[in-house]
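This is what each chain is made of:
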Amino acid sequence: MCGIVGYIGKQKAAGIILEGLKRLEYRGYDSTGIAIWQDGHFAVAKKVGRVANLEPETAKHRFVGTCGMGHTRWATHGGVTDANAHPHVSSDGQIALIHNGVIENYSSMKKFLLDKGYTFKSETDTEVLCNLIAYHYAKEPESTDPDESRFVISVRKTLRHAEGTYGIVVMAADHPGELVTARKGSPLILGIGDGESLVASDVAAIVSRTQSVVYLKDGEIAHLKANTFSITTLTAGDVSPVIDKVTWSIADAELNGYAHFMEKEIFEQPLALENAMRGRFSEDGSTALFGGLNISANEFRGYDRFMFLACGTALHACMVTEHLIERFARVPVECDYASEFRYRNMPLFRNTLFFVMSQSGETIDTLGAMREAKRKGYKVLAINNVVGSTIAREADGGIYQHVGPEVGVASTKAFTSQLLIGAMLALYIGRMRDMSFSEGVEMVQALKRAPDLVRVALQQADHIRGIAQRYTQYRDMLFLGRLSLFPIALEGALKLKEISYIHAEGYPAAEMKHGPIALISEQCPSVFLVSSGEMFNKVVSSMQEIKARKGKVIAVCTESCKLPEGLADELIVIPECHEAVLPIVATIPVQLLSYYMAVELHRDVDKPRNLAKSVTVE
Ligand code: G6P
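If you're wondering where the values come from, they're calculated on a predicted model, not measured in any experiment.

So, about the overall build of the chain. What the chain contains, in helices and strands, is 18 helices and 25 strands. Relative to the globule expectation of 25 Å for 618 residues, the C-alpha radius of gyration of the chain, 26 Å, shows essentially globular dimensions. The buried share of the chain, reckoned over its 618 residues, is 61%. Taking the contacts inside the chain whose residues are at least 6 apart along the sequence as the reference set, 70% of them involve residues at least 24 apart. Charge-centre separation for the chain: the mean point of 65 positive side chains lies 1 Å from the mean point of 72 negative side chains.

Following this line, the structure appears as C-alpha cells:
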C-alpha cells in the first residue's frame, strides 16, 4: 500500500526511481510522483494515474540530480488529484517528503502549523507531517556530529509527535545528497549498493541494483548518504544494522513473455509448490519437517487447539487448513478475520497456539491481530512469503512459503503454497498424535504428486478460456462447494470480483438454498466444485436445484465424478487426488476462469481498481 523508492549515488536518480516505482506499482496506483534535488531546489513532478503517466512529466523536467525519491499512492486522506500525490514540499521549500501510512493526529498538527504561518496545497496528512518537519528543521541549530545532523534531529523530533503509521523518506534543502527515512508500521528496506544507497518499501524496487539489504524496524530512523548509512532509534539510541542478502534476482519479478503477472504466477504454481515443499519431508517419508518453528515437537504436542488469523485470500487458505488439521490431526482449529479478532476480545483457551498467514507479512490487520495475541501471552507462528517482513520478524517462529515474489495483486501461487503448507501442518500435527506411519507415508506421497497434478489441471487452460468467453456478459455468479472445497468456492468468488468486477459470492453448496437461491435465474450462473466421495450425491442435488430454476452450471469435477447427463452446461475435469491435495488442484480452474474472464473484459488484471497488494493501513 503506497510504494516508496529513494536513491542517492553517482547515477542520475530519476531513471532508477521510475524503474523502482514500476516494480512497486502493485502497492498503489492512483497517482505517482518524484522529487529530485537539483540546481538548488526540489524539482517535483506528480501525476494522477500510473507511472507511465508520470514519465512524460519527468522528461519535461530534464532531471539530472543524483539524489531523489518517488512514490506510488493508494489514497487514504484526500482524493486522487495531482495536488494530493506525493512528494509534498513544505511551504518554506525546505523539506520534501513521501509517506506510506496514516498520521492520525494530523488535524491538531495542522492547526498548530497554520498558526505559525505554514500553508497547505493538498488535503493530505502527509503535507502536514512535511511542514512539521520543516518547522523543527527551521528551529534546530546545525550540529557538529555528521550522523546526528539537524536534519536527522528534526525528523526525530517530529516523529515523536506523530500518531498512526508511517514509512517516510525525507529530503532537506540544506542537506543535499542525504536522505532520512523512518518507519512505524509500514515496511522500509535499505539497499546498500556500490557507492550508492537506496530505500524502498519492497525489495523488488532495489534488487536490480543490489542484493545487500537492511530491513528497517519500527521506531528506527536511517540516515543515508551515497557511501555510508547509519541507523538510530526514535529515542536517539544507536542501532547496529544487520545486512541481509536477498536470495532472488530481478528476473524472478519479470513477465518473461507472459501477458500478465497473474498469468505467469498461475502457470508457475507447479514450480512454486515444489519450492514450498523442498527439504520439508522426514527421511522416512512419513511426516513433514519445518525448520523455523522454534517450538519443540514436545511443546507442539501440548497444544489442545490452534487459532488461525488472516485477511483476504490468506484467510481462505486458513479455512482449508482448519478443515485438514481437524480431519487428519483431530485437533480443534478456529479461523478468524484478523481485523475482527483484534477488537472483539474473544475468550481464549489457554493451551492455544496461534498462526497468522500473510503472503506479504505486512498486512496491518494481521500484524495487529498477531500483536494482540502475543500481548495476551500466546505464541504466534507466521506463515509468510516475503522474507524479513514485519510479521515474520515479530512472530515467535514460522514457515516461509518460498514461492518467490508475487507481483499480481490477486494472489495465486502464494495461495496454493499456503494450502500446501496447511496440508503439511495437518500431516505434521497428525503424525504427533493418531496418524499411523502408513497414513503419513500415503499423505507425503500424495503431497509430492501435487505439482504434477497442478500441471495436469493447467492443461485445461484453453478449454477454460473458451468457457470464460461465453460468460462475460453475466453480472452475478455463485461459487459453491462443500467441506474443504467451500473455502475454494469463496476464493473463486473473490478472484472473480477482484479482477473482473463481476459480482460473485461463495457459499457452502447446501447453504445456497437458504437465501442465495433467490438470485438464481438464467442471468446468474453457478460454479460448482465437486469431488467424488461422500458429498458427491448431495452436491449433485444442489446442482439440480439450480438447473430447475434455469441457472447455468459450470462444474469443476474430479475425473471419476459421473454427473447426470445434461446437468452441467460446462464441465472442467481435474485429476482425482488425495483429500489434502484436492483444494490445491481445484483452485486452478477457478483462477483460470477469473483470469480469462477479466482478460476478455479488458480489465487491468494485475492492478485491479481500488485494490492494493499489501494493505498497510486499517
Ligand atoms: C489484500 C490483497 C489480497 C490479499 C490480502 C491479504 O487485500 O488485495 O489479495 O489476500 O491483502 O494479504 P497478505 O499479504 O496478508 O496475504
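After that view of the structure, there is still more to cover.
This part is about the site of the ligand. Taken together, the neighbourhood of the ligand is formed by 13 residues, with Thr313, Ser358, Gln359, Ser360 and Thr363 sitting nearest. Within the contact set of the ligand, an oxygen atom lies 2.6 Å away from a side-chain nitrogen or oxygen of Ser360. In the model, an oxygen atom of the ligand is placed 2.5 Å from a nitrogen or oxygen of the Thr363 side chain. In the complex, 89% of the free accessible area of the ligand, which totals 390 Å², lies under the protein chains. Spatially, the ligand is embedded in the second largest pocket. Of the residues assigned to the shell around the ligand, the class counts are five nonpolar, six polar and two charged. When residues are assigned to domains, the shell around the ligand turns out to be shared by domain 2 (255-448) and domain 3 (459-618), each giving three or more.

Time to look at helix H18 (residues 582-600). If you check H18, its first and last C-alpha atoms are 28 Å apart, about what 19 residues at 1.5 Å a residue would give, namely 27 Å. In terms of burial, H18 is a largely internal element, 17 of the 19 residues being buried. Following H18 by one or two positions, His602 has its phi on the positive side, about 60°.

We now examine empty space enclosed by the protein. For the structure shown, the criterion picks out one cavity of 30 Å³ or more. The volume enclosed by the largest cavity comes to roughly 70 Å³. If you trace the largest cavity, you find it lined by Cys2, Arg73, Trp74, Thr76, His77, His86, His99, Gly101, Thr124, Asp125 and Thr126. Counting residues per element, the ones that place at least two in the lining of the largest cavity are strand S6 (95-103) and helix H4 (125-139). Of the residues in the lining of the largest cavity, the class split is two nonpolar, seven polar and two charged.

Glancing now at the layout of surface pockets. Reported here for the largest pocket is a volume of approximately 800 Å³. For the lining of the largest pocket, the secondary-structure elements that each account for two or more residues are strand S15 (244-245), helix H7 (269-277) and helix H12 (390-394). A total of three residues in the lining of the largest pocket trace back to one element, the largest contributor, which is H7. In terms of residue class, the lining of the largest pocket is made up of 19 nonpolar, 13 polar and 14 charged. Mapped onto the domain boundaries, the lining of the largest pocket takes at least three residues apiece from domain 1 (3-250) and domain 2 (255-448). The wall of the second largest pocket is formed by 26 residues, among which Gly312, Thr313, Glu498, Ala612 and Lys613 lie closest to the centre. If you list the elements that add at least two residues to the lining of the second largest pocket, you get helix H9 (312-328), strand S18 (352-358), helix H11 (364-375), helix H13 (413-432) and helix H16 (486-500). Considering only residue class, the lining of the second largest pocket consists of 11 nonpolar, 10 polar and five charged.

All right, on to the sheet that holds strand S19 (residues 380-384) then. Read from one edge of the open sheet, five strands run S17-S16-S18-S19-S20, paired in parallel fashion. Each edge of the open sheet carries a strand with a single partner, namely strand S17 (333-337) and strand S20 (397-400). Adjacent strand axes in the sheet meet at a mean angle of 20° when their direction is disregarded. One ladder, built from five bridges, connects strand S16 (residues 305-310) with S17; its direction is parallel. The partner of Ala310 across the bridge, within S17, is Tyr337. Of the strands in this sheet, S16, S17 and S18 are in contact with H9, which crosses S17 at around 170°. Packed on one face of the sheet, H11 meets S16, S18 and S19 and runs near 165° to S18.

With that out of the way, let us pick up the side chain of Ser286. Among the structural elements, Ser286 can be located in the loop between H7 and helix H8 (297-301). Given the relative accessible area of 1%, Ser286 is considered buried. In this structure Ser286 touches Leu427, Arg431, Phe437, Gly440, Val441 and Val444, once residues within four positions along its chain are discounted.

Taken as a whole and judged by the stated rule, the model has 13 aromatic pairs. Ring geometry for Tyr137 and Phe151: centres 6.2 Å apart, planes at 70°, overall edge-to-face. Separated by 14 residues along the polypeptide, Tyr137 in helix H4 and Phe151 in helix H5 (residues 150-161) bring together distant segments of the chain. Owing to a relative accessible area of 1%, Tyr137 belongs among the buried residues under this scheme. For Phe151, a relative accessible area of 0% puts it in the buried group. If you follow Arg327 out to its NZ or CZ, it ends over the ring of Phe328, 4.7 Å from the centre.

Sheet strands pair via backbone hydrogen bonds, and the direction of the pair is either parallel or antiparallel. In space, the eight strands of this open sheet follow the order S3-S2-S4-S1-S10-S9-S11-S15, with antiparallel pairing throughout. Unpaired on one side and paired on the other, strand S3 (41-48) and S15 mark the two borders of the sheet. Pairing between strand S11 (residues 212-215) and S15: two bridges, direction antiparallel. Looking across to S15, one finds that Ser212 is bridged to Lys245. Sheet strands touched by helix H1 (residues 13-24): strand S1 (3-8), strand S2 (31-38), strand S4 (67-73) and strand S10 (197-200). Its angle to S1, the strand with the most contacts, is close to 155°. Here helix H2 (residues 51-61) sits on the sheet in contact with S2, S3 and S4, set at roughly 145° to S3.

This part takes up unusual backbone geometry. Cis geometry marks the peptide bond from His86 to Pro87, where omega comes out at 0°. Within the element layout of this structure, Pro87 appears in the loop between S4 and strand S5 (88-89). Although it is not a glycine, Asn345 sits at a positive phi angle of roughly 50°. For Asn345, a relative accessible area of 56% puts it in the exposed group. If you check the backbone angles, Tyr501 has positive phi at about 65° while not being a glycine. The residue Tyr501 is located in the loop between H16 and strand S22 (503-508) in this model. Note on Tyr501: relative accessible area 22%, which makes it partly exposed.

A few words on the packing of H16 against H18. Two numbers describe how H16 lies on H18: the axes approach to 9 Å, and their chain directions differ by 20°. Comparing their axes, H18 and H16 come out roughly parallel. When the axes of H16 and H18 are compared, the crossing they make is right-handed. Here Ile488, Gly492, Lys495, Leu496, Ile499 and Ser500 of H16 come into contact with H18, specifically with Pro583, Ala586, Thr587, Val590, Ser594, Tyr595, Met597 and Ala598. Tallied by class, the residues present in the contact of H16 with H18 amount to nine nonpolar, four polar and one charged.

So, how was this worked out
Residues numbered from 1 in each chain as written. Predicted model: local features only at pLDDT ≥ 70, side-chain atom pairs only at ≥ 80, totals over all residues. Heavy atoms only, no water. Helix = DSSP H or I, 4+ residues; strand = E, 2+ residues; numbered from the N terminus. Rg over C-alpha atoms; globule rule 2.2 N^0.38 Å. Buried < 20%, exposed > 50% of the residue type's maximum accessible area, 1.4 Å probe, protein only. Contact = heavy atoms within 4.5 Å. Lys, Arg positive; Asp, Glu negative; His and termini not counted. Charge placed at Lys NZ, Arg CZ, Asp CG, Glu CD. Near = heavy atom within 4 Å. Polar contact = N/O pair within 3.5 Å; in protein donor to acceptor, adjacent residues only side chain to side chain. Areas by Shrake-Rupley, 256 points an atom, 1.4 Å probe, with all protein chains shown as cover. 1 Å grid on protein atoms, 1.4 Å probe; cavity = no way out; pocket = protein on both sides within 12 Å on 5 of 7 lines; lining within 4 Å. Sits in = over half its atoms within 2 Å of the grid points. Nonpolar A, V, L, I, M, F, W, Y, C, P; charged D, E, K, R; others polar. Domains from an automatic or database assignment. Expected span 1.5 Å × (residues − 1). Points joined across faces, edges and corners; volume = space filled by probe spheres on them. Pairing = 2+ DSSP bridges. Axes fitted to C-alpha atoms, helices over the stretch in contact; angles between N-to-C directions. Phe/Tyr/Trp six-rings, centres within 6.5 Å; stacked < 30°, edge-to-face > 60°. Lys NZ or Arg CZ within 6 Å of the ring centre and 35° of its normal. Parallel < 35°, antiparallel > 145°, perpendicular 65-115°, else oblique. Left-handed = near helix turned anticlockwise from the far one by under 90°.

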